[in-house]
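# A closer look at the structure
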Amino acid sequence: MKSHSHAALIIVGHGSTTNPDSSSPTHLHADSIRRRGLFREVVCCFWKEEPNMREVYEMVDSDVIYIVPNFISEGYFCQQVLPRELRLDGPTTHRDGKTIHYCDPVGIHPNMTRLLIQRADEVAPHVPRDQTSLVIVGHGTSLNENSTKAIQDQVALIRAGHYGFAEVIDAYMEEAPFVAEWAKLTTAPNVVVVPFFIADGLHSFQDIPVLLGMREEVGAALSEIGVFHQNPHELQGRQVYYSGAIGTEPLMADVILDQVNDFDAKHQVTDKIGMPNDEVKSSLAFWLNSGLDEIGEIVITTNADGSYSLCHIADRGKEDLQVHHEAHDALFIARNDASGTFRPLHSAPTLNRGWRLDLTDLDELRLALDFFYPAAIGMARALEREKLAAVPLREMLGRQTGMYRFANTITDEQAHAMIGKCCANEKCLRRILWPLTSTQPMANEAASKTQPNHAPNAIPLLCIEACTHVVSAARKIARQNHEANQPKSAD
Ligand code: SF4
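As the structure is a computational prediction, the values presented were derived from the model and not from experiment.

Reading guide: rules and limits
Residues numbered from 1 in each chain as written. Predicted model: local features only at pLDDT ≥ 70, side-chain atom pairs only at ≥ 80, totals over all residues. Heavy atoms only, no water. Core = buried A, V, L, I, M, F, W, Y, C linked by side-chain atoms within 4.5 Å. Buried < 20%, exposed > 50% of the residue type's maximum accessible area, 1.4 Å probe, protein only. Helix = DSSP H or I, 4+ residues; strand = E, 2+ residues; numbered from the N terminus. Contact = heavy atoms within 4.5 Å. Axes fitted to C-alpha atoms, helices over the stretch in contact; angles between N-to-C directions. Parallel < 35°, antiparallel > 145°, perpendicular 65-115°, else oblique. Nonpolar A, V, L, I, M, F, W, Y, C, P; charged D, E, K, R; others polar. Phe/Tyr/Trp six-rings, centres within 6.5 Å; stacked < 30°, edge-to-face > 60°. Lys NZ or Arg CZ within 6 Å of the ring centre and 35° of its normal.

## A few points about the nonpolar core
Within the largest apolar cluster, 48 residues are counted, with the highest numbers of intra-cluster contacts made by Leu9, Ile33, Phe39, Tyr66, Leu134, Ile136 and Phe196. Per-element tally for this core: the top contributor is helix H7 (residues 252–267), with seven residues. Each residue touching isoleucine 136, except ones within four places of it in the same chain, is listed here: Leu116, Ile151, Gln154, Val155, Ile158, Val168, Ile169, Asp170, Ala171, Val194 and Phe196.

This is how it looks when you write it as structure tokens:
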């Protein structure tokens, strides 16, 4: 891999507001690439989690940015949603002095073949390939024909590559050939089943095991990674080996890099390399020197040797804390609240207590803070420079498509009440910077949320665009409006 030490890499994942496993592979691949030092900056952003696709640009200061979608196929998300949210106008976008390259999604790269073979060998070691049927499983739906195409392409590549399997087939949850008919579709005594998904979740934990006959019905007990560790399963006189989603394979990090290399080759990229100034990091250092030592629920202690220690503000001065030493640990500290419930909203005032994070230098500190409060440092810096652009609520709701396309039909009064409720300080510590429209400020219950709400010694948490929770709430209200306006039946 050619070094891109002048550039930032943004990996885009789908994420989830309910399932932490959804974003985990994207974070892990980012960490793997970051440790190789090939890029100046490596960050993630998500459709359903933080940071979102508007905020992520505030996290990097490189002038050249590569974006790789960690998605399985081309189609609705990669061709419409991501370019719209990331404000891209083609393979390469020039904006605000930045050059932004938009690469193909990982799932369509030919090197996915290597991963599928490796995954099959891992899950069924020492099982002869010539007595094995390899089944690659996708969701399958008429809504996205590209997802089946990505799998069909892989099946064709493995067949053409003569890897020695008795047969290689594709199968789907919701369209023919159905995975539920695997026994009729395959002939070998051993069957290896690999879900062609980016992350493990309900489909790989529950739905596919039920369709294969490994489980009789979907149940809570199947929401465990253990379902992949019970191989082989004896089913219908065959030995069935079941693997986790292909996107959890560590080598996916290499496919992300392959997509960057292929982009460079295809578009003959010759970016003029100018090193940026580490401006975000410089701002953080300046604030710490100026006495700002809090952000959200965290207090930052600068130690005499130049290292840093972080803990929950309520744990300041406590000795009996569990000590961590890696910036990446912040991701896991921030993941769940004290009851073990997933925290999709990092700025919710529910950060766990009882930990201390010791970090060697400013780079590690910046990385950890971006895990605790994604993009917060970059946004605070941009605000200070009067360069932070907030998106009015109506504009944000108005660009929604699919099931959220009616979200902008709520009234102004409903919008203010909704923001007052969803964004209350007891639920989110960010300060809203966006108005209702470009000419209408927030009013009523929402007005107070636009005022500074942080301590004088704190770096502020800012909100430049309504998040996925607010969009969902608006959709719910719009739906209730629609139902209330339906004509009543005659009786
Ligand atoms: S929209 Fe509201 S709840 Fe969501 S991040 Fe912004 S302030 Fe917080």
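Back to the write-up after that little detour.
## A look at the packing of helix H8 (residues 279–289) against helix H11 (residues 376–384)
Relative orientation of the contacting elements H8 and H11 amounts to 85°, with a least axis distance of 9 Å. In this view, H8 runs roughly perpendicular relative to H11, as classed from their interaxial angle. Residue-level contacts link Glu279, Val280, Ser283, Leu284 and Trp287 of H8 to Ile377, Gly378, Ala380, Arg381 and Glu384 of H11. Its residues assigned to classes, the contact of H8 with H11 comprises five nonpolar, two polar and three charged.

## Description of the packing of aromatic side chains
Scanning the model with the defined rule gives six aromatic pairs in all. Ring centres of phenylalanine 39 and tyrosine 66 lie 6.3 Å apart, and the angle between their planes is 75°; on these two criteria the pair is classed as edge-to-face. In this pair, phenylalanine 39 sits in strand S2 (residues 39–46) while tyrosine 66 sits in strand S3 (residues 64–69), placing the two residues 27 residues apart along the sequence. Using a relative accessible area of 1% as the deciding quantity, one classes tyrosine 66 as buried. Summarising the aromatic geometry, the rings of tyrosine 66 and phenylalanine 263 are spaced 6.4 Å apart at their centres and angled 90° between planes, so their arrangement reads as edge-to-face. Taken as a pair, tyrosine 66 in strand S3 and phenylalanine 263 in helix H7 lie far apart in primary sequence, 197 residues in all. For the pair shown, tyrosine 66 and phenylalanine 263 are each scored as buried. Feature note: the residues Trp47, Phe71, Tyr76 and Phe77 constitute an aromatic cluster, connected by ring pairs. Lying over the aromatic face of tyrosine 57, arginine 95 brings its terminal NZ or CZ to 5.0 Å of the ring centre.

So, to be careful, I would describe these as geometric facts and stop short of saying anything about function.
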